[in-house]
Amino acid sequence: MTVNLSALAGAGQQFFNDSGVPLAGGKLYSYAAGTTTPQTTYTSASGATAHSNPIVLNSAGRVATGEIWLTAGSNYKFALYTSADVLITTWDNITGINGTGIASNAINVQYDPAGTGAVATTVQAKLRETVSVKDFGATGNGTTDDTAAIQLALNSGAKKIYAPAGTYKILGTLTIPTGVNLGGDGPEQTIFDGSTTTYAALTSGQHIRTAEGSYTALPALSGNVVKGATTLTFASAPSLQVNDVFLIYNPTDYSYSGWRAEYRAGEYLRVASVSGSVVTLQGTLADSYTSAAVSLYRYDGMTTCTLSNFKLIGLNDLSNAVFGLNLISCVDSLVENVKVTNCSYTSIGTQRCFNISLTNCTATENFANSSFVGEYGLAIGNSHIVHVIGGYYSAHRHGITTGGGSSLGCVTNRYVVIDGAHVTGSNASQMMDFHGNTEYSTVSNCTIDGGVVGGGDYILITSNQIRANTANGQVAIYMAEMRGLNVTISNNIIENPNASTANVRGAFIDFGGNNDTITTSTYKGGTINIFNNLMTWGLTATADCSTIKIVNRGYAASSPIGVLIKNNRMTMTNDNVYAGYINIDIRSATAAQWNVVNVSENSMGRGGVLLVSNSTAANYSANYLYCHNNVSDGTSVYPIFVTQVKELASIKGNTLSNSEVYAIYFSGVSTSIRCKRVHIMNNTTYDNFISLSGSSVTNADIVCWNASYAVVQSNAGGSFNEYLTVASNASFQLGETITGGTSGSTA
C-alpha cells in the first residue's frame, strides 16, 4: 500500500487548547473527506500499522508515534476534540504529501475559488474544465498529422478544448461532439491546415463537421393548421418535451413553390410546453398545412457547440466539392472569429440547423472555376434562425448564398439575418444570393460589392451599400424565384457603375426584366415596397434604360399583388437626355393585373420616366394607380406614361420638364374598355417638346384618352418655350414666324 505523510499533524505536531495549554488526552478523529465515515490513518511510511481512531494525544499534546500517514489518492477530514469529547475544530479535504513536499496528484490539492458563495473543488477538476489538444499528443508543428490527437481531445468529455498557437496539420475530418467549445488563440495564431490532404481522406469532402442528427416520427396532426398558430394538436400524445426541436415536412415536390422540385413546404419548430396531445410553440407557425399532406418528426442528436478564434485552410481540389467548416444539425451554436479559406466548394456551410450565429467570421473559397456548380463563401442550407453578424465573405460565385438539398428535413430557409457583413467575390455573379426557398429573411447594414439576388418571400433588403458588377444584365438588385411578393427594398445606397446600353432590365432593381420571376410558379401575393433608396449611375447613359423594372409574366393566384415605389432618388449622368424608366408591366394574357400601383414622391432626375402598362394589349394593367409628387427633368419620351388602369388613375402634384414629347400620357385599354375615373390635377409641366420636327406634330402637355370620367384641372404652366429640331438653324431669325408642313426649308 502506498501512503503519504499527512499534511495535517504529519510529523511531530503539537496540539493546544484555546488557552495555549498542551491538549493532553485530546482526541483526533479521521474520516473520509466531507463525511463522517471513519477512514484509516497509519503510523509509518510502511503503511503496515494503523492508528487507533481516534488517535489519543499524549500528555504533551502530540501523537505518540510522532507521525500520521494517509492512503495515497484519498482525501481526509479530521476532527479534534478535548479529552472530554468537546469539539475544538475540523479540517476537510486533507491529503498526503509526497517525498518532495508536493501533493502527489492534482486530485489531492484543493482549489478555493474567490468570491462569496464559491464552492471549493480540486485542482484536477478545475484544470479539466479546459483541456489542450497538446494534452493528447497534438504537436502544432505544421508537419505532423495531428488529426487523431485533436479528435481524442474533442472526444475526451471536456467541454472546453483549447488549441494553442501553432499550425496543426489535419489530413482527415474532425467531428465536433455536442456541448464542446473548440477555441484557439486567434485566426492567424491557431491554424488547422488541411491543404495537403486528399479528397479521399476526408469524410464526404469535409474538413471540420458536426455530427448529423436523426429524425424520429411523431403522431400525425389531428387536423389542418394555419399560419400564425401558437399550438399544434396531435392525433395522440407526442414524445416531445420543452425545448425540443421538431419538424413539419411536406415531402411533395414543389409543395413550397413552383420553381424547383426540391422546394418543399415545412418548417422547424421548438416546444414551449406539452399537455397531452397539445404542444405549445415557442413562436408561431410560418405557414399553413393540410394534415394529410405533412409528416412530423422530432429532431434528435442535434449538436450544440462554440467554435472560435482559429483559421482553417482547406483543400483546393477543382474536381471535387470540398467543405471547410460544415455545420450539420446544429442548435444554439456559435461560430466566432473563425477564418476559413481555400476550399473548392464552400468555406462555411450550414445544413438543417436551428438557431446559430456566425460573428465576425471570414469565409473565402479558392476563387477558381471548378468542374461543378458551386463556389461559396458561406452557404446556408435549409436552416432556421441564422444570424450572420459582421465578417467578410467572398467567393468565385456567391460570397453568401441560401439554398439547400432535397432529403428529409430540407425545408425552407427562414429567419436568416445578415447584418454588417462585407460581401464580394471574383466572378460576374451577384455576390449575395437568396434562393427561392428563403423567407422572413433580412440583409441589412452590409456592403455588397457585386450585387444581390433575392428570392422566396418576405425579404427585407435595407440600409446597405450595394454596387452592381457586369453580371446578369448589369443589375444591382434582382429578384428571382418569387414564391410571394412580400419584398421591401429600403434605405439603400445603390450604385451601378455600368453604362446603360438597353432597356432590358432594371439597372438598380429588377423583377423579371428578362427572366421568369413573377409567374404561375409564384403561389402567393403581396406588395413590392421600394422606398427611400439613393440610386446613382456611375457612367454616362448611352441608350434608354430602366432604373426599376417589374414585370408580371403570369402570376394568376387569388391573393392581390401591388407595387409601392416611394421617396427614391435617382441620378444619371445624362447629357444626352436618355430615358431612365420605372417600368411596371404585364406580359401575359392570363396574368392577374396589379391591384394597387403607387409611385410617389420620387426624384427621378434626368431621364426619369414612369411607364405602367400591359403589353398584352386588351387587358388591364392595374386596378388603381397613384402617381403623386414625382419630379422628372429631361427624357427622350414621356415622363409619365400610364395605360390600361381599370378603376382609378390618380396623377397629381408631379413636376415634369424637358421631355421630348408629352409630359403626361394616359389611355384606357380602348374606346370600349375604359378607365372608370382619371384625375390629372395640380401637376407642373414646362419646357417640354424639345424634339419636335414640325408644326404638325402633336404637342399637348397632357393627353388623356379612353376614360369614362376624367378630371383634368389645376395643372400649372404648360410648355411655353417650345422647340423644333431642324437640320440647320442658320436661316432662322429671332422673332420670325415659322410656318409650313413637313417639307421645305421653313419646316
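As the structure is a computational prediction, the values presented were derived from the model and not from experiment.

S.K.: What's the story with the sheet that holds strand E23 (residues 295-300) in this structure? I'm lost.
M.R.: Backbone-to-backbone hydrogen bonds join strands into a sheet, with any given pair of strands oriented parallel or antiparallel. Spatially, six strands are ordered E18-E23-E20-E21-E22-E19 in an open sheet, and the strand pairing comes out antiparallel. Looking at the sheet topology across the chains shown, the edges are occupied by strand E18 (214-217) and strand E19 (231-233). Geometrically, the sheet is characterised by an average inter-axis angle of 40° between neighbouring strands, direction not taken into account. Relative to E23, E18 runs antiparallel, the two being bridged by four bridges. Note on E23: the bridge partner recorded for Thr216 is Arg298.

S.K.: I keep staring at the packing of aromatic side chains and nothing clicks. Help me out?
M.R.: Aromatic ring pairs: the centre-centre distance and the angle between the two ring planes describe each pair. Here the structure, examined in full by the defined rule, presents 16 aromatic pairs. Ring centres of Tyr168 and Phe192 lie 5.7 Å apart, and the angle between their planes is 45°; this geometry places the pair in the tilted category. Taken together, the residues Tyr168 in strand E13 (residues 166-169) and Phe192 in strand E16 (residues 190-193) connect sequence positions 24 residues apart. Through a chain of ring-to-ring contacts, three or more aromatic side chains come together here, namely Tyr215, Tyr268, Tyr297 and Tyr299.

S.K.: Explanation requested: the environment of Asp135 in the structure shown.
M.R.: Along the polypeptide, Asp135 turns up in the loop between strand E10 (130-132) and strand E11 (141-145). Looking at Asp135, the relative accessible area reads 56%, which means it is exposed. A C-alpha to C-alpha distance of 7.6 Å links Asp135 and Ala153, two positions 18 residues apart in sequence.

S.K.: Help me understand the environment of Ala363, please; the structure alone is not making it clear to me.
M.R.: By the element assignment, Ala363 lies in strand E29 (residues 362-365). What makes Ala363 buried here is its relative accessible area of 0%. As a C-alpha pair, Ala363 and Leu378 span 15 residues in sequence and 6.3 Å in three-dimensional space. Dropping the residues within four chain positions of it, Ala363 is found in contact with Val340, Ser347, Ile348, Gly377, Leu378, Tyr392, Tyr393 and Ser394.

S.K.: Please clarify how the pairing of strand E45 (residues 526-531) should be interpreted in this entry.
M.R.: Successive side chains on a regular strand alternate, one facing one side of the sheet and the next facing the other. Of the pairings in the sheet, the one linking strand E42 (residues 487-490) to E45 comprises four bridges and is parallel in character. Bridging across to E45, Thr488 finds its partner in Asn529. Where E45 and strand E48 (residues 561-566) come together, six bridges link them in parallel fashion. Bridging from a neighbouring strand, Ile528 pairs with Val563 of E48.

S.K.: What am I meant to see in unusual backbone geometry here?
M.R.: Most peptide bonds adopt trans geometry, and most residues besides glycine take a negative phi value. Here the amide bond leading from Asn53 into Pro54 is cis, since omega sits at 20°, within 30 degrees of zero. In the Ramachandran plot, Asn382 falls in the positive-phi region, its phi being about 50° despite a non-glycine side chain. Mapping Asn382 onto the fold places it in the loop between strand E30 (376-381) and strand E31 (384-389). Of note, Asn567 is a non-glycine position whose phi angle comes to about 55°, a positive value. A residue is classified by how much of its surface remains accessible, and Asn567, at 41% relative accessible area, is partly exposed.

S.K.: In this structure, what is going on with the nonpolar core? I would like to understand it.
M.R.: A general tendency of soluble globular proteins is for nonpolar side chains to be buried together. Counting 110 residues, the largest nonpolar core has Phe192, Leu358, Ile509, Phe511, Ile530, Ile550 and Trp594 as its most contacted members. Every residue in contact with Ile509, bar those within four places of it in the chain, is listed here: Ile477, Ile489, Ile494, Ile530, Met535, Thr547, Ile548 and Lys549. Formed by 21 residues, the second largest nonpolar core is a distinct cluster that contains Leu218, Ala229, Ile248 and Tyr263.

S.K.: Any chance you could explain the layout of surface pockets here in plain terms?
M.R.: Counted as a void, the largest pocket has a volume near 570 Å³. Around the largest pocket, the lining is made up of 34 residues, and of these Tyr376, Thr401, Thr402, Gly403 and His435 lie nearest the centre. For the lining of the largest pocket, the elements supplying multiple residues, two or more each, are strand E25 (323-328), strand E27 (346-351), E30, strand E33 (398-403), strand E36 (432-434), strand E39 (452-462) and strand E41 (477-482).

Cut-offs applied
Residues numbered from 1 in each chain as written. Predicted model: local features only at pLDDT ≥ 70, side-chain atom pairs only at ≥ 80, totals over all residues. Heavy atoms only, no water. Pairing = 2+ DSSP bridges. Helix = DSSP H or I, 4+ residues; strand = E, 2+ residues; numbered from the N terminus. Axes fitted to C-alpha atoms, helices over the stretch in contact; angles between N-to-C directions. Phe/Tyr/Trp six-rings, centres within 6.5 Å; stacked < 30°, edge-to-face > 60°. Buried < 20%, exposed > 50% of the residue type's maximum accessible area, 1.4 Å probe, protein only. Contact = heavy atoms within 4.5 Å. Core = buried A, V, L, I, M, F, W, Y, C linked by side-chain atoms within 4.5 Å. 1 Å grid on protein atoms, 1.4 Å probe; cavity = no way out; pocket = protein on both sides within 12 Å on 5 of 7 lines; lining within 4 Å. Points joined across faces, edges and corners; volume = space filled by probe spheres on them.

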